[in-house]
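# Structural features, examined
Take a look at the letters that make up each chain.
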Amino acid sequence: MTYADWFREDRLPHIYCVGCGNGTVINCTLSAVDQMGWEKEETVFVSGIGCSSRAPGYIVTDSLHTTHGRAIAFATGIKMANPDLRVIVFTGDGDLAAIGGNHFIHACRRNIDLTVVCMNNMIYGMTGGQGSPTTPPGALSTTTPYGSGEAAFDLCGLAAAAGANYVARYTSYHVKELTRAVRGGLENPGFSFIEALVQCPTNYGRRNKFRQVMDQIEYFKSHALLVQKADRMREEGKKIPDDMIIIGILARRNRPALGVRK
Amino acid sequence: MQGNTACAEGALAAGCRFFGGYPITPSTEVAEHMALKLPKTGGVFIQMEDEIASIAAVIGASWTGVRAMTATSGPGFSLMMENLGFAVITETPCVVVNIQRGGPSTGQPTMAAQGDMLQCRFGSHGDYSVIALSPASVQEMYDLTAEAFNLSDRFRVPVFVMADEIIGHMREKLVVPDTVPRQERKLLKKGDLPFRAGDDLVPGFPTFGKGYSVHVTGLTHDERGYPCATSPSVHEDLVNRLVDKVESARDAISSADIVNPDARVVFISYGAPSRAVQQVLHDTSRDDIGHLRLKLVWPFAESLLSRFPDAETFIVPELNLGQMAREIQRHTDRTVIPVPKLGGALHNPSDLAGLLEEVA
Amino acid sequence: MRLVIDERRCKGCNLCTLVCPYRIFRPGTTANRRGVIVPELDRPERCANCRLQRLYGRTLCGVCQMICPDQAISWEEEGACEPVKVAIEY
Ligand SMILES: Cc1ncc(C[n+]2csc(CCOP(=O)(O)OP(=O)(O)O)c2C)c(N)n1
Ligand code: SF4
Ligand code: SF4
Ligand code: SF4
Ligand SMILES: [Mg+2]
């Protein structure tokens with residue numbers, strides 16, 4: 001099998017806009033799942049509401065496309081009731097960190113054996129480009145027309161602090177690394193959180209000086225800083241510019257986990 | 001045994017193997033008893049972070065094929081509404097126990113009420129239909145909770161056990177039957193479309209993990225389960241079927257006690273006020289006073305009213321401002337007298353007897 | 001193996017043109033029937049995967065395929081070479 005065998009062929013092409021990064025993250029995730037050698041029958045995808053959350057509908061396994069923000073809570077029920085199932089959650093920044101923030105931190109605390117892949121486009125894509133909890137300060141959206149005046153969440157920092165066993169961040173440019181990171185999450189028992197920064201050319205890029213799809217990808221490429229290098233820079237007393245994106249495996253540990261297959 | 005404990009025991013006897021909940025008075029004992037017993041039966045108890053998560057986890061668990069439930073009261077019930085709509089449109093069996101307390105808002109946490117009878121029927125957005133039972137004794141807390149799972153699996157709808165603080169906290173003798181009747185969830189035949197229903201309007205259930213590759217979405221979907229949110233006819237067909245599968249079985253599943261069917265004046269009650277009515281009938285020992293005691297409240301079977309062909313007046317005591325009385329009035333041109341009661345105390349039987357003097 | 005872009009899926013985002021180490025993908029110039037400007041392939045036989053997938057028994061490189069958000073890039077089996085008569089004109 002290859003990653004391509006996991007798609008629900010009769011539903012493609014998907015609804016995503018031209019150049020939307022979500023499709024790339026689906027590729028990387030399915031590629032990681034495929035490398036694990038899992039059966040379709042034992043794998044379940046769960047999601048909330050948003051562009052990102054449409055992903056499970058394009059995958060040919062059992063899948064549950066739930067309500068806005070609640071995917072992790074639904075997934076918790078599935079995993080606890082049948083730990084033999086491999087449960088993967090697709091979510092967006094608004095879905096995960098705004099309306100679903102409470103479920104997110106509690107799942108990290110329980111360290112339940114789920115892999116959560118967040119497509120963070122720093123915007124509410126599906127509803128037309130409103131500010132989200134990860135919209136960077138100063139960024140424009142339809143509800144922050146003068147630039148966002150709020151601080152943004154560090155989703156990975158949140159997951160690590162709340163107790164997740166495995167935390168990683170990459171972008172839709174880093175396809176090989178992202179695939180490896182998702183695979184790491186699938187392998188690691190307990191709660192695994194992978195943040196994939198993605199371009200939303202339609203609702204984020206267009207308003208924030210990324211005129212072409214490629215511009216934001218170039219930005220991800222030039223502003224990514226591997227966590228090891230960032231640590232070294234800090235040790236050397238060098239300042240890391242605010243707009244750098246720290247990528248890499250940010251936490252990996254073995255706290256007792258819930259719902260692990262016996 | 002206490003009503004809430006009997007409820008939990010009834011669920012266990014029915015094979016419930018998943019409970020997700022969040023503590024709230026006066027329902028907490030249900031969760032506590034499940035926490036005690038479920039691990040010993042190979043089931044799962046999980047205390048979630050709120051009631052939204054509780055019902056979500058219950059729905060998730062149900063998709064793995066297990067019988068799953070939660071229990072709550074007013075404030076938690078309000079939080080569950082969106083996901084209950086999700087259970088309706090995805091046709092997920094689940095049982096929700098509501099030990100009703102006084103509302104709105106935090107209201108009267110330790111006092112009985114029946115103020116959520118319309119909320120359980122209409123509380124989520126959109127058109128739909130559900131099933132609600134209302135126990136009036138500790139025994140019925142056991143029996144009806146067990147039956148709720150059968151109805152939920154048969155119709156693939158959320159089934160509510162709409163009890164109240166009085167019944168939940170009452171202590172009575174419970175006779176535990178050797179077995180409870182069990183009707184299993186009909187499974188999807190391999191190769192059939194997952195959301196295409198036959199004559200009973202209920203499609204077979206494609207349990208997760210069995211190779212059905214089913215996509216389940218809260219969006220309006222076609223018979224394949226694929227989102228189809230802009231076709232008027234797909235939406236219309238789906239919603240009509242969701243409603244019809246329950247409403248067309250209204251008479252078949254109706255469940256009520258009928259006393260003195262020749263009576264001219266008939267009490268209609270469900271839940272705790274039934275106790276006051278029974279007291280009145282006992283005290284007056286008149287056989288021209290009838291009693292229709294609903295065990296299954298929603299869908300309301302109006303055919304039950306015609307079981308009292310001579311009735312001129314229906315008296316409906318409720319622990320609310322007349323929620324079911326309004327539904328009953330909708331189905332009859334005979335006189336319906338609501339007897340609303342707020343505050344937590346049960347109707348005083350002598351008050352009901354007094355009312356009887358006035359009308360008959 | 002032969003590199004192909006599925007025109008029914010490609011939405012013309014040009015992300016593939018950004019990542020190929022051999023610059024095999026070039027932004028296209030003309031819109032197809034669906035109005036999408038599909039990238040052009042410049043000597044695709046240079047692609048590492050085209051040349052070596054057989055030998056190694058797995059996808060090599062494959063970055064273009066992974067980044068393509070629309071699952072439009074794949075490799076096809078090439079039919080066995082048919083002998084062709086070539087008339088050589090002097
Ligand atoms: C309870 C509820 N509130 C609001 C909405 C409307 N809504 C749909 S998607 C969305 C935001 C999605 O943002 P995100 O999770 O970042 O996903 P994206 O579309 O960006 O991938 C909102 C607010 C909803 N569906 N449900
Ligand atoms: S709106 Fe943004 S996130 Fe949604 S499909 Fe379009 S590009 Fe992707
Ligand atoms: S597989 Fe690599 S070398 Fe081949 S076309 Fe794609 S990016 Fe270029
Ligand atoms: S990345 Fe895919 S969709 Fe985008 S231009 Fe290339 S082939 Fe087309
Ligand atoms: Mg978003």
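Residues numbered from 1 in each chain as written. Chains lettered and ligands numbered in written order. Predicted model: local features only at pLDDT ≥ 70, side-chain atom pairs only at ≥ 80, totals over all residues. Heavy atoms only, no water.

## As for the sheet that holds strand E5 (residues 166-171) of chain A
The mixed open sheet is built from nine strands, whose spatial order is E7(A)-E8(A)-E5(A)-E6(A)-E4(A)-E3(A)-E1(A)-E2(A)-E8(B). Looking along the sheet, the strands with just one partner apiece sit at the ends: strand E7 (224-226) of chain A together with strand E8 (215-217) of chain B. Each strand axis lies, on average, 20 degrees off the axis of its neighbour in the sheet, ignoring direction. Where strand E4 (residues 115-120) of chain A meets strand E6 (residues 192-197) of chain A, six bridges bridge the pair, whose relative direction is parallel. Note that in E6 of chain A the partner of threonine 115 of chain A across the bridge is serine 192 of chain A. Packed on one face of the sheet, helix H4 (residues 74-90) of chain B meets strand E2 (62-65) of chain A together with E8 of chain B and runs near 135 degrees to E8 of chain B. (Pairing = 2+ DSSP bridges. Helix = DSSP H or I, 4+ residues; strand = E, 2+ residues; numbered from the N terminus. Axes fitted to C-alpha atoms, helices over the stretch in contact; angles between N-to-C directions. Contact = heavy atoms within 4.5 Å.)

## As for the nonpolar core
Val46, Phe191 and Phe193 of chain A together with Phe18 of chain B are the most contacted members of the largest nonpolar core, which totals 90 residues. Three or more residues apiece are contributed to this core by two domains, here domain 1 (3-169) and domain 2 (257-359) of chain B. (Core = buried A, V, L, I, M, F, W, Y, C linked by side-chain atoms within 4.5 Å. Buried < 20%, exposed > 50% of the residue type's maximum accessible area, 1.4 Å probe, protein only. Domains from an automatic or database assignment.)

## Here we look at the interface of chain B and chain A
At the junction of the two partners, chain B supplies 36 residues and chain A supplies 31 residues. Where chain B abuts chain A, roughly 2,700 Å² becomes buried across the two surfaces, and 61% of that area is made up of carbon and sulfur atoms. For chain B, the biggest contributors to the area lost against chain A are Glu49, Phe208 and Tyr226 of chain B; these three give 21% of the whole. Linking chain B with chain A are one salt bridge, by the criterion used here. Note that glutamate 49 of chain B and arginine 110 of chain A form a salt bridge whose closest N and O atoms lie 2.7 Å from each other. Counting the contacts that link chain B with chain A gives 16 residue pairs in polar contact (both at pLDDT 80 or more). (Buried area = accessible area lost by both parts, 1.4 Å probe. Salt bridge = Lys/Arg side-chain N within 4 Å of Asp/Glu carboxyl O. Polar contact = N/O pair within 3.5 Å; in protein donor to acceptor, adjacent residues only side chain to side chain.)

## A word on the coordination of the magnesium ion (ligand 5)
Residue and element names in this part refer to chain A. Looking at the magnesium ion (ligand 5), the protein donor atoms are Asp93 (OD), Asn121 (OD1) and Ile123 (O), and they sit 2.0 to 2.1 Å from it. Read from N- to C-terminus, the donor residues coordinating the magnesium ion (ligand 5) fall into the pattern D-x27-N-x1-I. Isoleucine 123 carries the same exposure label as asparagine 121, and that label is buried. (Donors = N, O, S within 2.8 Å, 3.2 Å for Na, K, Ca; no water.)

Take it as geometry only, folks, not as evidence of what the structure does.
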